[in-house]
Protein chains: 2
Amino acid sequence: MPEPGVTPSGGSGSDLHLELPATGSRRAALAGALREAVREGRLAPGTRLPPYRALAVDLGVARNTVADAYAELVAEGWFTARQGSGTRVAERAAPAGAVRTPVRVTGHRTAPVHDLSQGQPDAASFPRAAWSAAARRALAAAPNEAFGPGDPQGRPELRGALAEYLARVRGVRTAPERIVVCSGFAHALRLLFGGQVLRGPLAVEPYGLPFHRSLLSDAGVRTVPLGTDDRGTRTQELAALTAAPRAVLLTPAHQFPTGGPLHPGRRAAAVDWARANGALVLEDDYDGEFRYDREPVGAVQGLDPEHVVYLGSVSKSLSPAVRLGWMVLPEHLVAPVLAVKGEREAWVSVLDQLTLAELIDSGRYDRHVRRMRQRYRDRRARLVATLAEQAPHIAVTGIAAGLHAVLRLPPGTEASTVKGATWQGIALDGLAGFRHPDAVVPPADGLVVGYATPPDSAYGAALDALCRILPPAPES
Amino acid sequence: MPEPGVTPSGGSGSDLHLELPATGSRRAALAGALREAVREGRLAPGTRLPPYRALAVDLGVARNTVADAYAELVAEGWFTARQGSGTRVAERAAPAGAVRTPVRVTGHRTAPVHDLSQGQPDAASFPRAAWSAAARRALAAAPNEAFGPGDPQGRPELRGALAEYLARVRGVRTAPERIVVCSGFAHALRLLFGGQVLRGPLAVEPYGLPFHRSLLSDAGVRTVPLGTDDRGTRTQELAALTAAPRAVLLTPAHQFPTGGPLHPGRRAAAVDWARANGALVLEDDYDGEFRYDREPVGAVQGLDPEHVVYLGSVSKSLSPAVRLGWMVLPEHLVAPVLAVKGEREAWVSVLDQLTLAELIDSGRYDRHVRRMRQRYRDRRARLVATLAEQAPHIAVTGIAAGLHAVLRLPPGTEASTVKGATWQGIALDGLAGFRHPDAVVPPADGLVVGYATPPDSAYGAALDALCRILPPAPES
């Protein structure tokens, strides 16, 4: 019961649904719908509008579309924008007699959007029933102490299941005592470098995720890019780097995002260098389970468990909504990593840990991965076939594994093609954003196209839209 | 399939069960059991022993007991200990013909231990069936996008449920847009201060959790303790503090750990100060749902939602194994906190978020809290009755709410009493560790006794053991 004098308000308020017509300018349609909502009093004066991103996701429009529509209504006096307080419905915009009720603005995804951005598995394929069943079994079987303070290293059930699974599927040689559970790859990087278990400089591949680079630079770690050629990242350069890195971060199974596997000689060179210099290989095995043309390439970790830190997560295999990852550590790093985690660091849901352990032990995780592999293989085949038919001059590369492909573009066409894609409501990335600013690599124009995200029903239209924005074949 | 040449090993190996007799010296019994395991080859040469903490938890003995037993076997040559590599079975300890298989050392909890440490709810009472059922329903009902990248602010289902719940139960005035989901109170502190959304100095209560103080000092925040009297923390001192704090951190419903509620005048003084100085009250409502003698005291937040940050979690109401908490923010802080979280910060399991939302919406969360309140009330009554009978000279205070009590001790007896407790295998804390080093408060000897943790079957014995280590009544 609230204290006397305190009026409970709150509650989620009523939703405001904005319906956008399926065709025509998104910005104009959104601005019109918002204006009407204010006029009708469904958007009360003072109401805070949702952030661009949130409304853009709800409506399936680009973020800039929302920003532009808001800006338009601010300019017209319907909305006010104040630094740090977001965009609100202006007080003077109140229709006579309007009741000021809290309104939550959401929207329907009516606009056709083509999400070909990389990095996400198919959200519609999350194994809901298998996960629920595993959760039920795991919760019933767990000892009482599982609901107590918890071990920052992670539940023994999960570490046991992972040690067995990673050995079987990825050739990782480890034991539960060497595994530390974390919430994903970024968390692992934070623990290793933010906690100063490892220090820079860190050698990296010439292409990689900008988010990881910024995370490392926030932790004060200098990254030094290696070169690349048709055998993958030139790990033989490690010994000669004047920066004298103490570790190298690699994506050996499927270079991110360019897509090639690291040549066996290059794998050996990285491990040899680490051994000879008391250094480490950090192996980011982000999608090693999804290989299509032959058996998966085993983890580099298997070559030398004492000189490789193996990093994985369920973000690609299940969903980034399950915040679960793992570090397989050389023995001497277990205690330092746990010291950084601290006795009370326990970000990762114990319930999810128990559930994943049960999912793996029951064989249902393998089954899900197999099912998804087939599904992504079909997606990939459709991408390749569509391009072969509609844009045969565009090479599709990096498709032996993973959830994305790289479309090679004629020199000098990437920027304008990406702009064209944005214009047509296609979410995808150019290669340029992934290139390390210091990388000395030949220029390469390309598009990174994720093929896991669109719903099945929308995939064909997404591919057609993609083909329309590709540069035309050079005249012969 | 692993690569050719990579032999998968790993796996969790076989468990080694150590059986300790229920009586006698724990250390001697453990050392004997370990020696025998090496002799019999169940502990192979080179095997790494589990960390002290892990084995201590498994066996239900004190951490020092394990450390002492290990040290003994190291001294005898059975084990070797090397910096950074832990304790291992010595190579020369190998019995003839022993097969070197990986062994995982675990143990049975056979020793009687009395866990009266504060801060944990009853792990045996986690509502497993209700949680499983809610997870199943929530997973079935969730939209596909729930399994996508996710909103760092938290799932709308959970923020909606929390806004309604906190208004109804705690008198919190808010809306889903003002709530940011996090993994618990410590995560909230890290976001607010580590991310420099707020800056120090921070006024605090003279007693509090040392972990929070060290977290703040790690973030470079100076904490300035207020005084205390029979009306609670002396918030009227805020305006006169020369340190000119920008915020004050309070536990108004149930001062941690001394246990009193903050007097209404003191609540008003804190809010008035915040209003007059553009400052903030941080309200740590860590166990506000567990009040026994009358209706819960509403949250201070209800007095002025724009000057109070309300912080809560399920760590006491459900389990710290569910990493879920929330911040209810003044409007101007939402955007800065989200900026610190970042687009990709998503520590908190979406599955747990959806499940908790469903648990709250279905009324089962309320039901669980009611059931636990009754259970803890009974525990508390038993504590009070036992002390009244066996140690009537000891005052039991701070018991109007929460999961712990403070036993007031005669001056000068706290340190020796705590030592006696440790000696007898009773886990509990003295008041001294909670006192801010700069606090100017009258000396107070006391024990902080958590009554939620022991299993029902062990609670009576724990209370008896507690009474035996209390200082005797002064002779009259």
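Note that the coordinates shown come from a computational prediction; the quantities given were computed from them, not determined experimentally. (Residues numbered from 1 in each chain as written. Chains lettered and ligands numbered in written order. Predicted model: local features only at pLDDT ≥ 70, side-chain atom pairs only at ≥ 80, totals over all residues. Heavy atoms only, no water.)

Visitor: Give me the overall build of chain A: which residues, what numbers.
Guide: When you go through chain A residue by residue, the secondary structure sums to 13 helices and 19 strands. Burial status across chain A gives 58% buried among its 476 residues. Within chain A, contacts between residues at least 6 apart in sequence are counted, and of these 74% link residues at least 24 apart. In the structure as shown, chain A presents an accessible area of about 18700 Å², 53% of it carried by carbon and sulfur atoms. (Helix = DSSP H or I, 4+ residues; strand = E, 2+ residues; numbered from the N terminus. Buried < 20%, exposed > 50% of the residue type's maximum accessible area, 1.4 Å probe, protein only. Contact = heavy atoms within 4.5 Å. Areas by Shrake-Rupley, 256 points an atom, 1.4 Å probe, with all protein chains shown as cover.)

Visitor: Describe the domain arrangement of chain A, listing the residues and the values that go with them.
Guide: Residue and element names in this part refer to chain A. Domain boundaries assigned for chain A yield domain 1 (6-89), domain 2 (114-122 + 367-469) and domain 3 (128-362). Relative to domain 3, the C-alpha centre of domain 2 lies at a distance of 26 Å. Every contact between the two is made by 35 residues of domain 2 and, on the other side, 30 residues of domain 3. Together domain 2 and domain 3 conceal approximately 2600 Å² of surface at their shared face, both sides included; 60% is due to carbon and sulfur atoms. The largest contributions to the domain 2 side of the interface with domain 3 come from Ala 400, Phe 434 and His 436, which together make up 22% of the buried area. Viewed at the interface, domain 3 and domain 2 are joined by 0 salt bridges. (Domains from an automatic or database assignment. Buried area = accessible area lost by both parts, 1.4 Å probe. Salt bridge = Lys/Arg side-chain N within 4 Å of Asp/Glu carboxyl O.)

Visitor: Describe the interface of chain B and chain A, listing the residues and the values that go with them.
Guide: Facing the 80 residues of chain B at the interface are 78 residues of chain A. Contact with chain A buries area across many residues of chain B, yet Arg 128, Phe 147 and Trp 347 of chain B alone supply 12% of it, more than any other trio. Joining chain B to chain A, the criterion identifies 3 salt bridges. A salt bridge links Arg 48 of chain B to Glu 331 of chain A, with the nearest nitrogen and oxygen atoms 3.4 Å apart. Applying the counting criterion to the chain B and chain A interface returns 17 residue pairs in polar contact (both at pLDDT 80 or more). If you list the elements that add at least two residues to the side of chain B that touches chain A, you get helix H4 (128-141), helix H5 (156-170), helix H6 (185-194), helix H9 (331-341) and helix H10 (350-361) of chain B. If you tally residues by element for the side of chain B that touches chain A, the top one is H4 of chain B, at 8 residues. Residues that form the side of chain B that touches chain A fall into these classes: 38 nonpolar, 21 polar and 21 charged. (Polar contact = N/O pair within 3.5 Å; in protein donor to acceptor, adjacent residues only side chain to side chain. Nonpolar A, V, L, I, M, F, W, Y, C, P; charged D, E, K, R; others polar.)

Visitor: Quick one: what's the story with the sheet that holds strand E19 (residues 446-450) of chain B, residue by residue and with numbers?
Guide: Residue and element names in this part refer to chain B. Here we have 4 strands laid out as an open sheet, ordered E15-E16-E19-E18, and antiparallel in their pairing. Since the sheet does not close on itself, it has two edges, and those belong to strand E15 (395-397) and strand E18 (429-430), each with one partner. Sheet analysis places E15 next to strand E16 (residues 404-408), joined by 3 bridges and oriented antiparallel. Bridging from a neighbouring strand, Ala 395 pairs with Arg 408 of E16. Its contacts with the sheet put helix H11 (residues 364-390) on E15, E16 and E19, and the angle it makes with E15 is roughly 165 degrees. (Pairing = 2+ DSSP bridges. Axes fitted to C-alpha atoms, helices over the stretch in contact; angles between N-to-C directions.)

Visitor: Tell me about the packing of helix H4 (residues 128-141) of chain A against H4 of chain B, and please be specific about residues and values.
Guide: Axis separation between H4 of chain A and H4 of chain B bottoms out at 9 Å; the angle between their running directions is 170 degrees. Between H4 of chain A and H4 of chain B, the angle is such that the two are roughly antiparallel. The residues of H4 of chain B that touch H4 of chain A, namely those facing Arg 128, Trp 131, Ser 132, Ala 135, Arg 136, Leu 139, Ala 140 and Ala 141 of chain A, are Arg 128, Trp 131, Ser 132, Ala 135, Arg 136, Leu 139, Ala 140 and Ala 141 of chain B. (Parallel < 35°, antiparallel > 145°, perpendicular 65-115°, else oblique.)

Visitor: Lay out the pairing of strand E14 (residues 325-328) of chain B with the relevant residues and their values.
Guide: Residue and element names in this part refer to chain B. In E14, alternate side chains face the same way, and those of Gly 325 and Met 327 on one face and Trp 326 and Val 328 on the other are all buried. Note: strand E6 (residues 179-182) against E14, 4 bridges, orientation antiparallel. For Cys 182, the partnering residue across the bridge sits in E14 and is Gly 325. Sheet topology note: the strand E13 (residues 308-313)/E14 ladder contains 4 bridges and is antiparallel. Residue pairing in the sheet places Gly 312 in a bridge with Trp 326 of E14.

Visitor: Any chance you could break down the packing of aromatic side chains for me, citing the residues and the numbers?
Guide: As enumerated under the stated definition, the model contains 16 aromatic pairs over all chains in all. An angle of 50 degrees between the planes, with centres 5.9 Å apart, marks the rings of Phe 126 of chain B and Trp 131 of chain B as tilted. Given a relative accessible area of 4%, Phe 126 of chain B falls into the buried group. Both rings, one in Phe 290 of chain B and one in Tyr 376 of chain B, keep their centres 5.3 Å apart while their planes meet at 80 degrees; by these two values the pair is edge-to-face. You can see Phe 290 of chain B sitting in the loop between strand E12 (280-284) and E13 and its partner Tyr 376 of chain B sitting in helix H11, a full 86 residues away along the chain. Given the relative accessible area of 0%, Phe 290 of chain B is considered buried. Residue classification places Tyr 376 of chain B among the buried residues on the basis of a relative accessible area of 2%. Three or more aromatic residues link up through ring pairs in this structure, and these residues are Tyr 52, Tyr 70 and Phe 79 of chain A. A cation over a ring is seen here: Arg 379 of chain A above Tyr 459 of chain A, with NZ or CZ 4.5 Å from the ring centre. (Phe/Tyr/Trp six-rings, centres within 6.5 Å; stacked < 30°, edge-to-face > 60°. Lys NZ or Arg CZ within 6 Å of the ring centre and 35° of its normal.)

Visitor: So what about the relation of the copies chain B and chain A? Which residues, and what values?
Guide: Overlaying chain B with chain A gives an RMSD of 0.3 Å, the required rotation being 180 degrees about an axis along which the chain moves by 0.1 Å. Classification of the inter-copy transformation places it as that of a two-fold axis. Here 98% of the contact residues of chain B are again contact residues in chain A; the copies associate through an equivalent surface. (Least-squares fit on C-alpha atoms with pLDDT ≥ 70 in both.)

Visitor: So what's going on with the pattern of salt bridges? Which residues, and what values?
Guide: Scanning the model with the defined rule gives 35 salt bridges over all chains in all. It is possible to trace a salt-bridge network through shared partners that takes in Arg 178, Glu 306 and Glu 331 of chain A together with Arg 48 and Arg 88 of chain B.

Visitor: Outline the packing of H5 of chain B against H10 of chain B, supporting the account with residue identities and numerical values.
Guide: All names here are of chain B. Contact pair H5 / H10: the axes reach a minimum separation of 8 Å and the direction vectors enclose 35 degrees. The element H5 and its partner H10 pack so that their crossing is left-handed. Between H5 and H10, the residues in contact are Glu 157, Leu 158, Ala 161, Leu 162 and Tyr 165 and Gln 353, Leu 354, Leu 356, Ala 357, Ile 360 and Asp 361, respectively. Among the residues making up the contact of H5 with H10, the classes are represented as 8 nonpolar, 1 polar and 2 charged. (Left-handed = near helix turned anticlockwise from the far one by under 90°.)

Visitor: Give me the sheet that holds strand E15 (residues 395-397) of chain A: which residues, what numbers.
Guide: Residues and elements named next belong to chain A. Strands sit in the order E15-E16-E19-E18 across an open sheet of 4 strands; the sheet is antiparallel. In this open sheet, the two strands that pair with only one neighbour each are E15 and strand E18 (429-430). The pairing of strand E16 (residues 404-408) with strand E19 (residues 446-450) spans 5 bridges and is classified as antiparallel. Looking at the pairing, His 404 lines up with Gly 450 of E19.

Visitor: Can you break down unusual backbone geometry residue by residue, with the values?
Guide: Glycine aside, negative phi is the norm for most residues, and most peptide bonds take the trans geometry. Residues and elements named next belong to chain A. The amide bond that connects Gly 200 to the next residue, Pro 201, takes the cis arrangement and shows omega of -5 degrees. Secondary-structure assignment places Pro 201 in the loop between helix H6 (185-194) and strand E7 (202-204). Positive phi is not limited to glycine here, since Ala 244 has a value of about 50 degrees. Position of Ala 244 among the secondary structure elements: in the loop between strand E10 (232-233) and strand E11 (247-250).

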